[in-house]
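Here is how the chains run, residue by residue.
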Amino acid sequence: IIIMNNNYFYGYNIQWQQARVKEYCSYNQYETGRFRWKQLLYENKHKVIFCSVPKAGCTTMKTMFALLQGLFTLNQLQGENMVKHDNHLSGVYSLFNSYQLHRLKNYFKYTVVRNPLERIVSAYREKVARTVSSRNYQILQKKILQHSRNKNSQFPSFSEFIDYLLHSKPSDPHFMPTTELCDPCRIKYDFYVNFKTMNQDVHCLLSLLNIPQEYYFNNITYASVLMPKSTHYNSSVVIDHFYQLSYDQRMKFFKEWSKELEFYETIYPGVIGTYISKLIQ
């Protein structure tokens, strides 16, 4: 099933998904102080709002928004790093309250969700475990290494990174839960795209919003720019990283990120439970 009565996306029942989120929110409360309005991007012509989550297809979606808004041509974006164009995108946070509320009430709202365990491994591998050009992440690496037992380490271990994450609660969105970045219990999203099937899900999303087909990821003209480049890690890669943690570290992480893990399990059942059953042994 691709689209049926505007209630199905690629086999996902939107109403079922929203009902599951509503049930989840009925017994989960959030501190709204960590919610980031800056994550919400809007596009007026197609009346859509997207909550951007790093390491969950956000560069792909930001690129599409930049093209839809006519901010850049395809040639300008070809091979470019979207980070440098972030400030040009239309953010809900920049609007007066009345305009924010109008869009939040009337625009189609969506975000992309990714297995939190896979997402945090991806963030570690890209921002912490390798040479980076960003001064901020170079400083972060040195900060974590200050507490390393291995003074000869070039990069922090995954265990050291998780310790930092648990004790510092950084405000960098790469290392924050989706539930804090997008606050699904405060904002009613119309659909949660699954990162694992992002190509198919987004095709259906664009069709529903009447966005021209040249913006589809499988279009040969835009494919090199719009095709998601994020790496899908198989379960063994994620498991191997978490096995580098002590049992106590794993339990502390699961507790700290319990709402995030439960949220993903709520809308895409069976994934998190399978991982945790292996990691608590």
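This text goes with the structure placed above it.
Residues numbered from 1 in each chain as written. Predicted model: local features only at pLDDT ≥ 70, side-chain atom pairs only at ≥ 80, totals over all residues. Heavy atoms only, no water.

What about the nonpolar core?
Turning to step 1, where the next piece is worked out: Counting 75 residues, the largest nonpolar core has Tyr110, Leu117, Ile120, Phe158, Phe161, Phe242 and Phe253 as the members making the most contacts within it.
Turning to step 2, where the next piece is worked out: The biggest single contributor to this core is helix H7 (residues 158-168), with 6 residues.
Turning to step 3, where the next piece is worked out: The contact partners of leucine 117, leaving out residues within four places of it in the chain, are Val238, Phe242, Phe253, Phe254, Leu261, Tyr275 and Leu279. (Core = buried A, V, L, I, M, F, W, Y, C linked by side-chain atoms within 4.5 Å. Buried < 20%, exposed > 50% of the residue type's maximum accessible area, 1.4 Å probe, protein only. Helix = DSSP H or I, 4+ residues; strand = E, 2+ residues; numbered from the N terminus. Contact = heavy atoms within 4.5 Å.)

A few points about the packing of aromatic side chains
Turning to step 1, where the next piece is worked out: Under the defined criterion, the tally for this structure stands at 16 aromatic pairs.
Turning to step 2, where the next piece is worked out: A ring pair is formed by phenylalanine 50 and tyrosine 110, whose centres lie 5.1 Å apart and whose planes are at 35°; its orientation type is tilted. Of this pair, phenylalanine 50 sits in strand E4 (residues 48-51) while tyrosine 110 sits in strand E5 (residues 108-113); the two residues are 60 residues apart in sequence, bridging distant segments of the chain.
Turning to step 3, where the next piece is worked out: When its relative accessible area of 1% is taken as the criterion, phenylalanine 50 is described as buried.
Turning to step 4, where the next piece is worked out: Centroid distance tyrosine 124 to phenylalanine 161: 5.4 Å. Interplanar angle 35°. Geometry classified as tilted. In this pair, tyrosine 124 is assigned in helix H5 (residues 116-127) and phenylalanine 161 in helix H7, connecting sequence segments 37 residues apart.
Turning to step 5, where the next piece is worked out: What makes phenylalanine 161 buried here is its relative accessible area of 0%.
Turning to step 6, where the next piece is worked out: Aromatic ring contacts, followed pair by pair, group Tyr124, Tyr137, Phe158, Phe161, Phe175, Phe242, Phe253, Phe254 and Trp257 into a single cluster.
Turning to step 7, where the next piece is worked out: Over the ring of tyrosine 42 we find arginine 103; its NZ or CZ atom is 4.8 Å from the centre of that ring. (Phe/Tyr/Trp six-rings, centres within 6.5 Å; stacked < 30°, edge-to-face > 60°. Lys NZ or Arg CZ within 6 Å of the ring centre and 35° of its normal.)

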